[in-house]
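Remarks on the overall topology
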Amino acid sequence: MTYSDVIRLRLNNLCTERNISINKLATLSGITQSTVDNIMKGNTKNPKLKTLHKLATGLDMTVSELLDFPEMNNTIFDDE
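The following paragraphs examine the structure supplied in this document. (Residues numbered from 1 in each chain as written. Predicted model: local features only at pLDDT ≥ 70, side-chain atom pairs only at ≥ 80, totals over all residues. Heavy atoms only, no water.)

This paragraph deals with helix α3 (residues 33–40). Helical periodicity: at 3.6 residues per turn, an α-helix aligns residues three or four positions apart in one direction. Along α3, the residues that are buried comprise V36, I39 and M40. In an axial view of α3, the angular spread of the buried residues amounts to 95°, which keeps them on one side of the axis. Contacts from the buried residues of α3 go to α1 (3–18), α2 (22–29) and α4 (49–58). The positive-phi residue at the C-terminal boundary of α3 is G42, with phi of around 85°. (Buried < 20%, exposed > 50% of the residue type's maximum accessible area, 1.4 Å probe, protein only. Helix = DSSP H or I, 4+ residues; strand = E, 2+ residues; numbered from the N terminus. Arc of directions from axis to C-beta. Contact = heavy atoms within 4.5 Å.)

A few words on α2. Those residues of α2 lying buried are L25, A26 and S29. Around the axis of α2, the buried residues are gathered within 100° of arc, so they sit on the same side. Packed against the buried residues of α2 are α1, α3 and α4. Among the residues trailing α2, G30 stands out with phi positive, at a value near 70°.

This is the structure we're talking about:
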């Protein structure tokens, strides 16, 4: 599993829990739909901290909260 895989998993789970679309996440985060799409499709392998901060803010959480989940904490990542 790669870093980008677990970020995608986390964002998908949060959107599902909050009943929002990926498009709505982009709007709430103030980032372009294409940026979110590139993360979700795996085209962006290492999202910038600034992007993660905007996504976290859009989800009404901190970056620490966004990145504090079992898959992130318990995964040995493959090289990308």
